[in-house]
Amino acid sequence: MEDTNQQTQLNQQTSATPVGAQVENEGGLDFQTIVNIFLGKWYVFVICVCISLAIAGVYIWRAPRTFVQQASVLVKDPKAGSTGSMGAAFVDIAGFSGLTTSNVQNELFIITSRSVMRGVVKRLNLQYSYFEPRFMRQDELYTSSPIYVEPVDHEQSILGSVFEARLTAGDSTKFTYYTKDTTFVCPFDKVVDLPGIGLATVKVRPRTFEQYVTERSSKVIVTAANLEAATSKFLSGLGADLAQKESAMIKLSYTSSSPRKAADILNMVVDEYNRLTVESKNEVLESSLNFIGQRIEIVGAELNEVDERLEEMKSKDHTINPLTEASGYLVQTRSQEVQLADLEVQLRLIKDLRAMLDTAKQTMLPLNVGINSQVLNSQIQKYDEGLIRLKQLKTYSSEKSPVVLDQAAVLDVLLANIKTTAADVQSSISLQIDNVKRLSDMNMSRVSNASSKERALTSITREQVVKSELYNYLLQKTEENAINDYAANISLYPNPTTGIITCDLREAGNISMVNVYDVYGRLLQTLQTNGDILT
């Protein structure tokens, strides 16, 4: 009986044991114990959090602020459709007029090329940067620097340098040039030989000098980089991509620590690309003007010779009107004479062009010189555009690059096609001239009373008419190309506009008046200018 009671008590004690106690024995530590361990070392965790916050704060303080500026540019694509002459004229002088390619990806590659950014660095003088030293960081002074460096020769090659300019309040005549290795006093506004830079002048901005020295700092850190290093640096901040997959809109962006600097660089990238494009277009215009100018000199001399021969024959035979007896012939054959004169003008031009093609090798061919052959003019235009593309590719690729070699091969094929087409055009014109002459001779044979001398005078007169028309025709083409030359050097921006546009006439020569018309040809405004910028 006692044994039974003891077993019952043992079973009651065993069943009264909590389940959690068994888990505690098996797991070793419970949650309360872990919390107690952490609370016992609380100061370690507080120190770690403080150190992490301090590191994050230092990083945020030292890291330069970055701003992103964006711009969108519409690429002109001939495949998208053609415009009328007036619309084409306005597009041609508007912003980004040089983007005349069917391959927008190529233009995207060119606008981000080193040649474009190199021009931006030169024009904005980005080889030199200025910073205000602050606690554990440097703030860039893009437009607010009290001093700036101006090299004697902007084309000179510099090695690169970083120095500290120590300024003195109230003294704008000199500063202290300081580096770890060199210290000397340098005057303002005088040419000095700066280490790593060369001959240059350090100048003062009077409006910001005293305010900067008294309110901000007495030190300015100046960094100078060579042209290629600066080009690489600023090119890394430029982004360009298509606005949409099949769009002709290029979206440009630039990241910089200064929003003003980013905006200036974006604007200058567009302007520099336009400038390079205008230079390429001017090469074509210059080639055309030179070609026409040479023809004018030759035809002018020949016309003078014909005039002298005619006057000599008139004075010798006392002939006042050499066509008196042949007046009926002239009435009947007037249409043939006009046609013949035009054909002979065409023949002369095509012969001169073929003579030029024989020696042409990757040189701009004259366009819009008056040859009435759409096929030939189209081939010449494609050749000039391809040659401009080849020159652009060579600026950022080697001459042995597959892209350059392929483009050169395409140009060779185009030139061969142009020569073949020019020969065909000349043969066609010659056949037309023979046909017109045959008809003219048939009518001329009907004039039985015309003497041989009168026939000779008629021939000379006809030659005079031909050369006069050719001379006047070439003068007209000279004026057209001169107008195109002016238009190529005029910049209108922004394009498209919201109502206010800027007209830059600084590269267009002597322009004293600008007329503004709407799309219907109505005069809206007349502005007087001295060849500067109008808004």
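In this text the structure is predicted, and so the values were computed from the model without any measurement. (Residues numbered from 1 in each chain as written. Predicted model: local features only at pLDDT ≥ 70, side-chain atom pairs only at ≥ 80, totals over all residues. Heavy atoms only, no water.)

**A few points about the overall build of the protein**
- Regarding its fold elements, the protein presents 15 helices and 17 strands.
- Taken over 535 residues, the protein has a buried fraction of 36%.
- In the protein, 69% of the contacts between residues at least 6 apart in sequence involve partners at least 24 apart.
- By element, 54% of the accessible surface of the protein is carried by carbon and sulfur atoms, the whole surface being about 31,600 Å². (Helix = DSSP H or I, 4+ residues; strand = E, 2+ residues; numbered from the N terminus. Buried < 20%, exposed > 50% of the residue type's maximum accessible area, 1.4 Å probe, protein only. Contact = heavy atoms within 4.5 Å. Areas by Shrake-Rupley, 256 points an atom, 1.4 Å probe, with all protein chains shown as cover.)

**Observations regarding the side chain of Gln-379**
- Tracing the backbone shows Gln-379 in helix α13 (residues 374-396).
- A residue is classified by how much of its surface remains accessible, and Gln-379, at 17% relative accessible area, is buried.
- Once you skip the residues sitting within four places of it in the chain, Gln-379 turns out to touch Asn-417, Ile-418 and Thr-421.

**With respect to the packing of helix α7 (residues 114-124) against helix α9 (residues 227-235)**
- Closest axis-to-axis distance for the α7/α9 pair is 9 Å, and the angle between their directions is 105°. Taken together, the axes of α7 and α9 lie roughly perpendicular to each other. In contact with Arg-114, Met-117, Arg-118, Val-121 and Lys-122 of α7, α9 contributes Leu-227, Glu-228, Ala-230, Thr-231, Ser-232, Phe-234 and Leu-235.
- A breakdown of the residues in the contact of α7 with α9 according to their chemical character gives six nonpolar, two polar and four charged. (Axes fitted to C-alpha atoms, helices over the stretch in contact; angles between N-to-C directions. Parallel < 35°, antiparallel > 145°, perpendicular 65-115°, else oblique. Nonpolar A, V, L, I, M, F, W, Y, C, P; charged D, E, K, R; others polar.)

**Quick look at the sheet that holds strand β9 (residues 198-204)**
- Reading across the sheet, the three strands line up as β4-β9-β8 and stay open at both edges, with antiparallel pairing between neighbours. Where the open sheet ends on each side, the last strands, each with one partner, are β4 (147-151) and β8 (191-194). Across the sheet, the mean angle from the axis of one strand to that of its neighbour is 45°, orientation sign disregarded.
- Of the pairings in the sheet, the one linking β8 to β9 comprises four bridges and is antiparallel in character. Along β9, the bridge assignment pairs Val-191 with Thr-201. (Pairing = 2+ DSSP bridges.)

**With respect to the confidence of the model for the protein**
- For the protein, the mean per-residue pLDDT works out to 75, and 73% of the residues sit at or above 70.
- When the elements of the protein are averaged for pLDDT, helix α5 (residues 85-93) gives the smallest value, 41, and strand β7 (residues 183-187) the largest, 92.
- Every residue in residues 1-27 scores below 50 in pLDDT, and together they form zero contacts with partners more than four places removed in sequence or on other chains.
- Confidence over residues 78-102 falls short of pLDDT 50; this stretch has 41 contacts with residues more than four positions distant or in other chains. (pLDDT = per-residue confidence, 0-100.)

**A closer look at the nonpolar core**
- Membership of the largest hydrophobic core comes to 37 residues, with the highest contact counts inside it found for Ile-350, Leu-353, Leu-365, Leu-376 and Tyr-383.
- When residues of this core are traced back to their parent elements, those giving at least two are α10 (259-317), α12 (334-357), α13, α14 (402-444) and α15 (452-488).
- If you tally residues by element for this core, the top one is α14, at 11 residues.
- Listed in part, the 26 residues of the second largest apolar core include Val-104, Met-117, Leu-252 and Val-270. (Core = buried A, V, L, I, M, F, W, Y, C linked by side-chain atoms within 4.5 Å.)

**Comments concerning a nonpolar patch on the surface**
- The grouping of Ile-34, Phe-38, Trp-42, Tyr-43, Val-44, Phe-45, Val-46, Ile-47, Ile-51 and Ile-55 at the surface amounts to a nonpolar patch, some 960 Å² of accessible area in total.
- Contributions of two or more residues to the nonpolar patch are made by α3 (31-40) and α4 (42-62).
- If you tally residues by element for the nonpolar patch, the top one is α4, at eight residues.
- Looking at the secondary structure, you find Ile-55 in helix α4.
- Taking the relative accessible area as the measure of exposure, Ile-55 reaches 55% and is therefore exposed. (Patch = residues over 30% accessible without salt bridge, like charges linked within 9 Å, V, L, I, M, F, W, Y side chains within 5 Å. Salt bridge = Lys/Arg side-chain N within 4 Å of Asp/Glu carboxyl O.)

**Comments concerning the side chain of Ser-217**
- Looking at the secondary structure, you find Ser-217 in the loop between α8 (206-215) and β10 (219-224).
- Relative accessible area serves as the criterion here: at 13%, Ser-217 is assigned to the buried category.
- Setting aside chain neighbours within four positions, we find Ser-217 in contact with Glu-132, Pro-133 and Tyr-212.

**A look at unusual backbone geometry**
- The residue Asn-125 is not glycine, and still its phi comes out positive at about 55°.
- With respect to the helices and strands, the residue Asn-125 is situated in the loop between α7 and β2 (128-134).
- A positive phi is found at Asp-189, a non-glycine position, where the angle reads about 60°.
- Turning to its location among the elements, Asp-189 is positioned in the loop between β7 and β8.

**Considerations on the sheet that holds strand β3 (residues 137-140)**
- An order of β3-β2-β10-β5-β6-β7 is seen for the six strands of this open sheet, with the pairing classed as antiparallel. The sheet is open, and its two edges are formed by β3 and β7, each paired on a single side. Neighbouring strand axes in the sheet, compared pairwise and without regard to direction, differ in orientation by 35° on average.
- In the sheet, β2 pairs with β10 via four bridges, with the strands oriented antiparallel. Pairing of Phe-131 across the sheet is with Ile-221, part of β10.

**Things to note about the packing of aromatic side chains**
- Per the stated rule, a full pass over the model turns up four aromatic pairs.
- Seen from their ring centres, Phe-163 and Tyr-177 are 4.5 Å apart, and the 25° between their planes marks the pair as stacked. Highlighted residues: Phe-163 in strand β5 (residues 161-168) and Tyr-177 in strand β6 (residues 171-178), separated in sequence by 14 residues. Side by side, Phe-163 and Tyr-177 carry an identical accessibility label, which is buried. (Phe/Tyr/Trp six-rings, centres within 6.5 Å; stacked < 30°, edge-to-face > 60°.)

**Brief notes about the pattern of salt bridges**
- Applying the stated criterion across every chain, the model contains 13 salt bridges.
- Taking the shortest distance from any N to any O, the salt bridge between Arg-118 and Glu-228 comes out at 3.1 Å. Taken together, the positions of Arg-118 in helix α7 and Glu-228 in helix α9 put the pair 110 residues apart, joining distant regions of the chain.
- Under the relative-accessibility criterion, Glu-228 is labelled partly exposed at 36%.

**A word on the pairing of β5**
- Sheet topology note: the β5/β10 ladder contains six bridges and is antiparallel. By the bridge assignment, Val-162 is partnered in β10 with Thr-223.
- The sheet contact formed by β5 and β6 spans four bridges and is antiparallel. The residue of β6 that forms the bridge with Thr-168 is Asp-171.
- Remark: two residues form the turn of the hairpin made by β5 and β6, two consecutive strands paired antiparallel; Gly-170 in that turn has positive phi of roughly 80°.

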